Amino acid sequence: MIDQAVTDLLGYALRAGLIEECDRIWAANRLLQALELDSWEEARSVQERPLEEILKEILDWAVETGRIQDGTASRDLLDTELMGRLTPRPSQVLREFHARYQESPEAATDWYYRFSQDTDYIRRYRIAKDMKWVTPTAYGDLDITINLSKPEKDPRAIAAAKTAVQSGYPKCQLCRENEGYAGRIDHPARQNHRIIPVTIDGKDWFFQYSPYVYYNEHCIVFNGQHVPMKIDRSTFRKLLDFVKQFPHYFVGSNADLPIVGGSILSHDHFQGGRYCFAMEKAPVERTVSFPGFEKVEAGIVKWPMSVIRLRCGDDECLVDLAEKILAAWRGYTDEEAFIFAETDGEPHNTITPIARMRDGKFELDLVLRNNLTTKEHPFGVYHPHEELHHIKKENIGLIEVMGLAVLPSRLKGELTDLADALVEGRDLWSSETLEKHADWAEELKSRYSFTRETVWEILQKEVGAVFATVLEHAGVYPCTPEGREAFLRFINHVI
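(A) Layout of the overall build of the chain. Check the secondary structure of the chain and you find 16 helices and 15 strands. Here the C-alpha atoms of the chain give a radius of gyration of 25 Å, agreeing with the 23 Å that 2.2 N^0.38 yields for 495 residues. A total of 495 residues make up the chain; the buried ones form 56% of that total. For the chain, the accessible surface area stands at approximately 22100 Å², while carbon and sulfur atoms represent 49% of it. Where the 59 positive side-chain charges of the chain centre and where its 79 negative ones centre are 3 Å apart.

Okay, structure coming up:
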């Protein structure tokens, strides 16, 4: 069995262009070393089958022969090592990327994205498990995903991690030192990972794809140094420098404060890709202007969060204006609108910026954020309120801001159980799993009759409606006449 699997893995690597025919014996010996085999006999023929199937066969054999434990973390460490032994060196990858960039930026990223999948750094078969749908709302079509591709923590891995020697290398999962790293039971292996250097604002940054791919060509652009997230003038300059080099991509930054930021604040990074989110499609509902920046097209976007859109052919002019807006917002208090720049010395105001090219001009969306907490809203005033936590409790980061809900994996099972309970008329309050959804479900029952044929369509639609409300809660200015009046007070404050 193992001889056929190794033969098939070599055949896959040849077809994917990871190795050449002259590399075959060398590559075979590299695989044998990882599998603790002294010899093998090449199968008579290669079976062209999916990579997932080949690797599963090898991993099952490794478990049966006692080489690894049967857990996700242990299996991932071994299959990543195997693929890493077939992945070209960074210098080879860079030469290929730059050669294709001479043809066009799109040609370079097309190749790199496919390469990142062929090496199994992006596990296509796991991404395919994600649940995805689109919900029409007053703000446009919102993307809803229940993420199932990010592996759950294995209890055995958690137990092993407790007794493992703690390491500070790499400092986090975004550091450049992850390239080629063998991994640990508490840190993913990255032998099959390759990164691309980019220079933005004169600084050394790097470009890679997210292994979890929440949307098409989901990329991460990260600082070569392990430094915290910070939104400032340099952020706007870097974002525009990146889209100048890759005009077919958008790129944005999470905010730099807790609650309104992303899950990693310790390492400065952006996220981008080749996808058009609902926020990008949203129109400007009211044009505005800023003194001294008459050549910049500006306006308030029709979106549940509070977005100022700036557009200009002169990128330096956009940087100047964005810096001015950021500085004004950092220190802005409007008690009538319940916006406070700081309380007890703790700053609350920041911005989530997104950059793109549109019709040959630079475009910046500046999303105003505030992380104030109160006794009534201990998780955040401008954060999903508690009645929505049964669906979404986590921070509203860059991806959600733009209109794509990344919902927790628990919802797949919970919504399946809820669908059955609604059709069967079961008591939700008696279920430990479904009790959190009971109030919401009771309200739905007042509006719908549930059948096997309709229940999933209704639940998907209503989960999307909850996400639209999540975004409304995260907006500092409500989409009401009073909210827009308060929004304009801030814009008039920017001088």
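(B) Geometry of the environment of R356. In this fold, R356 is placed in strand β13 (residues 349–358). Given the relative accessible area of 3%, R356 is considered buried. The spacing of R356 and F250 is 106 residues in sequence and 4.5 Å in space, taken between C-alpha atoms. Beyond its immediate stretch of four places on either side in the chain, R356 contacts V243, Y249, F250, M279, E280, R309, K361, F362, E363 and D365. Looking at R356, its side chain comes within polar contact range of the side chain of E363, at 2.6 Å. A distance of 3.1 Å separates the side chain of R356 from the side chain of D365, its partner in a polar contact.

(C) Expanded view of the sheet that holds strand β10 (residues 307–312). The strand order across the open sheet built from 10 strands is β3-β4-β5-β7-β6-β13-β14-β10-β9-β8, with neighbouring strands paired in antiparallel fashion. Each end of this open sheet is capped by a strand with a single partner; those strands are β3 (196–200) and β8 (284–288). Shown here is a sheet whose adjacent strand axes are inclined to one another by a mean of 25°, direction ignored. Bridge count for β13 against strand β14 (residues 361–370) is 10 bridges, and the pairing is antiparallel. By the bridge assignment for β14, R358 is matched with K361. Most of the contacts of helix α9 (residues 233–245) go to β13, to which it runs at about 20°, and overall it touches β3, β4 (203–209), β5 (219–223), β6 (250–252), β7 (269–273), β13 and β14. On top of the sheet, helix α16 (residues 481–493) reaches β8, β9 (297–301), β10 and β14; it is set at about 150° to β9, its chief contact.

(D) Quick look at the pairing of β9. Counting buried positions along β9 gives 4 out of 5 residues, so the element sits mostly inside the fold. Bridge count for β8 against β9 is 4 bridges, and the pairing is antiparallel. Across the sheet, R286 pairs through a bridge with I300, a residue of β9. Here 4 bridges tie β9 to β10, and the two strands are oriented antiparallel to one another. From the neighbouring strand, A298 faces β10, where its bridge partner is L310. Hairpin connection, β9 to β10: the antiparallel pair is bridged by 5 residues.

(E) Molecular detail of the pairing of β14. Taking burial as the measure, the 10 residues of β14 include 9 buried ones, the bulk of the element. Relative to β14, β10 runs antiparallel, the two being bridged by 6 bridges. When the bridges of β14 are listed, V307 appears paired with V367.

(F) Summary view of the packing of aromatic side chains. Taken as a whole, this structure holds 29 aromatic pairs when the rule is applied. For the ring pair Y101 and F246, a centre distance of 5.7 Å and an interplane angle of 75° mean the geometry is edge-to-face. With Y101 in helix α5 (residues 90–103) and F246 in the loop between α9 and β6, the pair connects residues that are 145 residues apart, well separated along the chain. Note on Y101: relative accessible area 27%, which makes it partly exposed. Taken together through their ring pairs, the aromatic side chains of F97, Y101, Y112, Y113, F207, Y209, F242, F246 and Y249 make up a single cluster.

(G) Region of interest: the pattern of salt bridges. With the rule as written, the count across this model stands at 51 salt bridges. Notably, a salt bridge pairs E57 with R49, separated by 2.9 Å at the nearest N-O pair. Judged by its relative accessible area of 10%, R49 is buried. E297 is paired through a salt bridge with R311; the nearest N and O atoms lie 3.2 Å apart. Linking E297 in strand β9 with R311 in strand β10, this pair joins segments that are 14 residues apart in sequence. E297 gets classed as partly exposed once you look at its relative accessible area, which sits at 37%. A relative accessible area of 16% means that R311 is categorised as buried.

(H) Focus on the nonpolar core. In terms of nonpolar packing, the biggest core is built from 97 residues, with F207, F290, L310, Y477 and F490 touching the most fellow members. With 9 residues, the single largest contributor to this core is helix α11 (residues 315–330). Within the second largest apolar cluster, 55 residues are counted, among which are A278, L404, W440 and A468.

(I) Inspection of the packing of α9 against α11 at higher detail. Taken N-terminus to C-terminus, the directions of α9 and α11 make an angle of 150°; their axes are 9 Å apart at the nearest point. Viewed along their axes, α9 and α11 form a crossing whose handedness is right-handed. Each of R233, F236, R237, L240 and K244 in α9 lies in contact with α11, whose residues at this interface are D315, E316, L318, V319, D320, A322, E323 and L326. Of the residues assigned to the contact of α9 with α11, the class counts are 6 nonpolar, no polar and 7 charged.

(J) Spatial organisation of the sheet that holds strand β1 (residues 131–137). Pairing within the open sheet is mixed, and its 3 strands lie in the order β1-β2-β15. Looking along the sheet, the strands with just one partner apiece sit at the ends: β1 and β15 (404–407). Taken over all neighbouring pairs, the strand axes of this sheet differ in orientation by 20° on average, direction set aside. Bridge count between β1 and strand β2 (residues 140–146): 7 bridges; the pairing is antiparallel. Looking at the pairing, V134 lines up with D143 of β2. Of the strands in this sheet, β1, β2 and β15 are in contact with helix α15 (residues 455–474), which crosses β1 at around 70°.

What counts, and at which threshold
Residues numbered from 1 in each chain as written. Predicted model: local features only at pLDDT ≥ 70, side-chain atom pairs only at ≥ 80, totals over all residues. Heavy atoms only, no water. Helix = DSSP H or I, 4+ residues; strand = E, 2+ residues; numbered from the N terminus. Rg over C-alpha atoms; globule rule 2.2 N^0.38 Å. Buried < 20%, exposed > 50% of the residue type's maximum accessible area, 1.4 Å probe, protein only. Areas by Shrake-Rupley, 256 points an atom, 1.4 Å probe, with all protein chains shown as cover. Lys, Arg positive; Asp, Glu negative; His and termini not counted. Charge placed at Lys NZ, Arg CZ, Asp CG, Glu CD. Contact = heavy atoms within 4.5 Å. Polar contact = N/O pair within 3.5 Å; in protein donor to acceptor, adjacent residues only side chain to side chain. Pairing = 2+ DSSP bridges. Axes fitted to C-alpha atoms, helices over the stretch in contact; angles between N-to-C directions. Phe/Tyr/Trp six-rings, centres within 6.5 Å; stacked < 30°, edge-to-face > 60°. Salt bridge = Lys/Arg side-chain N within 4 Å of Asp/Glu carboxyl O. Core = buried A, V, L, I, M, F, W, Y, C linked by side-chain atoms within 4.5 Å. Left-handed = near helix turned anticlockwise from the far one by under 90°. Nonpolar A, V, L, I, M, F, W, Y, C, P; charged D, E, K, R; others polar.

Shape is all these values report; function is a separate question.
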